[in-house]
Structure formats: C-alpha cells, structure tokens
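Residue strings, one per chain:
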Amino acid sequence: MPATEVTASTTQTPVIEVRGLRKSFNGIEVLKGIDLTAHKGEVIALIGGSGSGKSTTLRCLNLLEVPHEVTKLELLGEPVALNPDRHGQLSVADRRHLRGLRSRLAMVFQNFNLWPHMTLEENVMEVPVQVLGQPRAEARDTAHRLLERVGLLDKREAYPDWLSGGQQQRGAIARALATEPEVLLFDEPTSALDPELVGEVLSVMKGLAEEGRTMIIVTHEMQFAADVADRVIFLDNGVIAEQGTAQQIFQSPKNERLQQFIRAIN
Amino acid sequence: MPKVSLFAPHRLVLMALALILCLSAAINMDWSWMERYSQDIIGGLWRTLALLTGTAIIGFLLSIPLGLAQAAGPAPLAWLARGFCTLIRGTPILLQLWLLYYGLGSVLPYIPGIRQSWLWPLLSEAWPYAMVSLSLCFAGYGGEVMRGAFKGVPNGELEAAQAMGMHPFTILRRIWLPRAIQRVLPTLNGELIMQLKATPLAATIAFIDIYAVIARIRQETYIIYEPLLLLALAYLIMAGLITLGFRYLENRTQARR
C-alpha cells in the first residue's frame, strides 16, 4: 500500500493515546516506556518476538493489565485516571468510567474465550443485553446479522465446544462487534488455530479493516500485517524498536533486531 | 458408555435374585405394623425431606460466598471462610449439632426478654437447631467444593467479560457462577447424598424424622429387622432420586460439549 493512501485513509483524531507506558511483573520490567497513538480508522499491527511485550501492551490499552507507570493514558479521547494504592501500585480510580470505556472497545483473544454455557447467539447477545441494556429482540437481530456476516448464522444455536477453532474465533469476532465498538483489539487471534483455519479468520478481519474500522492487532501473520496494516510497530524487549508503513518495516528495516526478526520468519 | 440392554443375561439373573429376595421378605417377614404406623412413617419421611431440602438450599446459598471469598476474596475474608470450612469439615456433625442445641439452646433462655419475644416459640423447638446446624455443615463442605469450582473456571472467560465492560456482579451472575456450578454438579450430587445420610443425626435432638419414627416403631413393637429394612429402602430411594435428578442436569450440560 503506497504511503500517500495511508495518510488519506486515516483522519487525525486520536482514539487511543499512551505515553511512557511501563509495566513490570514480579519486579521484571516487560514494558519500558511505550508511546502509542492510534487514530480513528487506523489499522495497527504490533509485531515482535515472544516476550517482546506486544500482548502486554495491548492488554494495557483496555486496562486488563494496569500499567506500572504511565505519563498519559487517554481512551476514546477521555483520560483514564490511575491512583496509587498504599503499596504504590497503580489502580483504576473510577471503575465505572472504565467499564463505560471498555464497552466501547472490544477485544478478541487468542483462545477465543467464548462462554461455553451459552449458544453462539447468546454469546453475541450477552454484552448488548447485560451491559448496554438493549432489548433482547433487538440484540438477537444484531446477533443474527453479525453471525451471518462471519458465516455462522446456521450455527447460532450451537454451543462453542461443538465448533472448530476457526468457527469459535469468528464467533468471538461477532461477539466483539455486537456493541458497535469504536476500537477493536486483537490479541494474537490466529495463534491457537490449526493452519488450515487461519485463513477464514484473517479474511473476516480483512473485511473489517476495509470498512475503515480502528484496529490494533497483535499478530504473527506477517503477510496479513503487510496486507492490511496502515502502520506496523515492531516491539523488542519492551520498547518500540521501529515503526512505519508495512513497506518500510518489511522491505527496508533499519533496526538490527528487526532485520534479524524478518530474516528469521522468512 | 455403551448402552447395555435391560435384558442382558447378567441383568436378568440379578433381577431374578432381587425379585426372590423381595418376595421372600414380603411373605416371610412381619409387616403387620406398617398400617398402624403409616401416618407416622409418612410424616417422618416428609420431615426428612424438608430437612434435607431446606438445609441443602440454605447451605448451598452460603457456600457460594464461602467459596468466592476463598477463591478471590481479600485475605481477611479468605481466611475467615477457610477457617469456617476447616472447622466444619474437621469436626463430627453430631458434635456441631449438640453444641448448637445443648450449648446455645441452654444459654439462650437466660437472655432477658427472650421468653416473651416472638422468637421464643421457634427457639424452644428442635427443628430450627437441626436446620441451622445441618445448613452450616452443608455450607462448610459446599464452600470447599465451590472454592475449587470458582478457581477452575478459565480466567480468559472472565477476562472476556471484563474487557467488554461487564459489571463484576453481572460477571458473577451470568458467567462465573453458572460455569462453576456446571463443573461441580457430580461433586454436589455426592455432597447432597452425604447430607441425606446426615439427617438422622437430628433424631438425637428429638427431631422426628423417618429415622426417629422407625426407632420408635422398633421400641414399641419389638420388631427389629423389618422397620430397619424399610428405613434402608427409604434412604435408597431418596438417594436414587437425587442421583437421577443430577444425571438429568448433567446430561443437559453435557449436551453442550
């Protein structure tokens, strides 16, 4: 994708903005100051080796992991306040505000995490009904429309355990779309899939990207990242080592670690 | 499990044996007392069932917070819950029952004004003590079961709900609790049958359940075996019904995988 198209397809409204994001687990710092801004309509691919901190970065964006330290954290244009507790650990000051923001973000997980005691249709309806207070009939109509879109309308009465990994992940994407989210976060959505099932999930995601949705995708699928991402961010050892258009990252990488990484995956 | 025909040879032999046993018991033994005591027997059965269902429901409702506190609660609450479960599981049920009935029951009357209060008619009967004691007992065992059940639900399923802005209570009600219960249905079946078999202890504090009725029949008629056989049959049927009920529930959830 030529660079001019990149700037044309993204407006300059930041929907997620973090500065100086640090996160430690048991005293080991895994994120060492990440700055990340996602604009409306932008598709960002986060790549990097295992342990580079890409999943942790994504999970910090909706506060599934609470940063250790952060100088600026704005979701959907609203600052999220973090207060230190008596041990000095940060925690979210206003849970209610966070829940409101989270209902406007959506996340797709590596392990799908559909709720096994509900049918696919019920999975998709759950958040609109229980969180947004939509009437069931309306939520069911939306669920049918979304399941049709991901090619699972005929499986709407099926329980998740009856389905293949690819079907479950497509169902999870339908569930994520049910709240009309402003940003979609994908945490290695194809890593737990058998190779022949990866394609069906990626093609659904590609369709979403073409609609102009804002997406942040942690992925190992480099071809996919090259195809759909407006911007590719390479993380290494808890810092952003290089970022740019897919072409810049994959064709003319400057960072030495990135060069190694690209050689290794080719 | 492969389905074995009802008329497989070994089953036919077993059925014939059972039939012979039942017939010889019916013909050769003395069942003449049954008619005279039928009202008492039915009353006793009813009270056993009421005690079982009452204590199981109250106990199970208590076991949810007990399990939750241990699985995810703040440290002081978790310790309290663990302490309670250890205390209940580590002491005989009979002891718990007697401590409550003879211990608390003998202290209560000294509270000023209690004999005039609306509570007194309740406190001077045996069944509230049986109910409370056996409920706490079921809660103690259930709390331990639910602790494991809550912990066993994959964290990702809860994270998915969190990530979409679901309120913690909604997560508990819609996802965590139903998933936890689904996973421990077989264990709860066992706990409930143990609870059934603990109910005769209430007869020791003058609660007239089926066990107490049978004991009285034996004293009054000097007939030993027949009432005991009837008692065994009654418990067997109740345990069987519980297992059937749970099998139905398990089949319904098994269909989902």
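Residues numbered from 1 in each chain as written. Chains lettered and ligands numbered in written order. Predicted model: local features only at pLDDT ≥ 70, side-chain atom pairs only at ≥ 80, totals over all residues. Heavy atoms only, no water.

Engineer: Any chance you could explain the overall build of chain B here in plain terms?
Structural biologist: Across its full length, chain B carries eleven helices and zero strands. Counted from the first residue to the last, chain B has its helices and strands arranged as α-α-α-α-α-α-α-α-α-α-α. Here chain B has a C-alpha radius of gyration of 23 Å; the compact-globule value for 257 residues is 18 Å, and the former is much larger. When the backbone C-alpha atoms are referred to their principal axes, chain B occupies close to 70 × 65 × 30 Å. Buried residues in chain B amount to 41% of all 257 residues. The contacts in chain B between residues at least 6 apart in sequence include a share of 78% that link residues at least 24 apart. If you sum the accessible surface of chain B, you get close to 14,900 Å²; carbon and sulfur atoms cover 71% of it. For chain B, the distance from the average position of its 20 positive side-chain charges to the average position of its 12 negative side-chain charges is 11 Å. (Helix = DSSP H or I, 4+ residues; strand = E, 2+ residues; numbered from the N terminus. Rg over C-alpha atoms; globule rule 2.2 N^0.38 Å. Buried < 20%, exposed > 50% of the residue type's maximum accessible area, 1.4 Å probe, protein only. Contact = heavy atoms within 4.5 Å. Areas by Shrake-Rupley, 256 points an atom, 1.4 Å probe, with all protein chains shown as cover. Lys, Arg positive; Asp, Glu negative; His and termini not counted. Charge placed at Lys NZ, Arg CZ, Asp CG, Glu CD.)

Engineer: Help me understand the confidence of the model for chain B in this model?
Structural biologist: Low-pLDDT portions of the prediction should not be read for the details of their coordinates. Residues and elements named next belong to chain B. Residues at a pLDDT of 70 or more form 98% of chain B, whose mean pLDDT is 91. Per-element confidence in chain B ranges from a low mean pLDDT of 83 for helix α6 (residues 120-123) to a high of 96 for helix α8 (residues 155-163). This complex was scored by the predictor with a pTM of 0.86 and an ipTM of 0.89. (pLDDT = per-residue confidence, 0-100.)

Engineer: Can you help me understand the interface of chain B and chain A in this one?
Structural biologist: Interface size, as often reported, equals the accessible area lost upon joining of the parts. Contacts between the two partners involve 22 residues from chain B and, on the opposite side, 23 residues from chain A. Taking both sides of the interface into account, the surface hidden between chain B and chain A amounts to around 2,100 Å²; carbon and sulfur atoms contribute 58%. Here chain B is connected to chain A by two salt bridges. Counting across the interface, chain B meets chain A through seven residue pairs in polar contact (both at pLDDT 80 or more). Those elements giving two or more residues to the side of chain B that touches chain A turn out to be α8 and α9 (168-198) of chain B. (Buried area = accessible area lost by both parts, 1.4 Å probe. Salt bridge = Lys/Arg side-chain N within 4 Å of Asp/Glu carboxyl O. Polar contact = N/O pair within 3.5 Å; in protein donor to acceptor, adjacent residues only side chain to side chain.)

Engineer: For this particular structure, what's the right way to read the sheet that holds strand β5 (residues 78-79) of chain A?
Structural biologist: The strands that make up a sheet are held in pairs by hydrogen bonds between backbone atoms, and each pair lies either parallel or antiparallel. Residues and elements named next belong to chain A. Taken together, the four strands give an open sheet; going across it, the order is β2-β1-β4-β5, and neighbouring strands pair in antiparallel fashion. Of all the strands in the sheet, the pair left with one neighbour each is β2 (28-39) and β5. The strands touched by helix α2 (residues 54-61) are β1 (14-25), β2 and β4 (72-75); relative to β1, the strand with the most contacts, the crossing angle is about 120°. (Pairing = 2+ DSSP bridges. Axes fitted to C-alpha atoms, helices over the stretch in contact; angles between N-to-C directions.)

Engineer: Help me out: how do you make sense of a nonpolar patch on the surface in this one?
Structural biologist: Residues and elements named next belong to chain B. On the surface, Leu6, Phe7, Leu12 and Met15 cluster together to form a nonpolar patch covering roughly 420 Å² of accessible area. The residue Leu12 is located in helix α1 (residues 9-28) in this model. The exposure class of Leu12 is partly exposed, given its relative accessible area of 42%. (Patch = residues over 30% accessible without salt bridge, like charges linked within 9 Å, V, L, I, M, F, W, Y side chains within 5 Å.)

Engineer: What's the story with helix α10 (residues 256-265) of chain A in this structure? I'm lost.
Structural biologist: Owing to its 3.6 residues per turn, the α-helix brings residues three or four apart onto one side. Residue and element names in this part refer to chain A. Of the residues making up α10, those classed as buried are Leu258, Phe261 and Ile262. Burial along α10 is one-sided: seen end-on, the buried residues are contained in an arc of 95°. Turned more than 90 degrees from where α10 packs its buried face, Glu256, Arg263 and Ala264 sit exposed. Among the residues of α10, the N-terminal cap falls to Asn255, whose side-chain oxygen and the backbone nitrogen of Arg257 are separated by 2.8 Å. (Arc of directions from axis to C-beta.)

Engineer: Honestly, the confidence of the model for chain A in this entry has me stumped. Any pointers?
Structural biologist: The predicted model of chain A averages 91 in pLDDT, with 96% of residues at 70 or higher. Low pLDDT, under 50, characterises residues 1-10 of chain A; the stretch is placed with twelve contacts to residues that sit more than four places away or in other chains.

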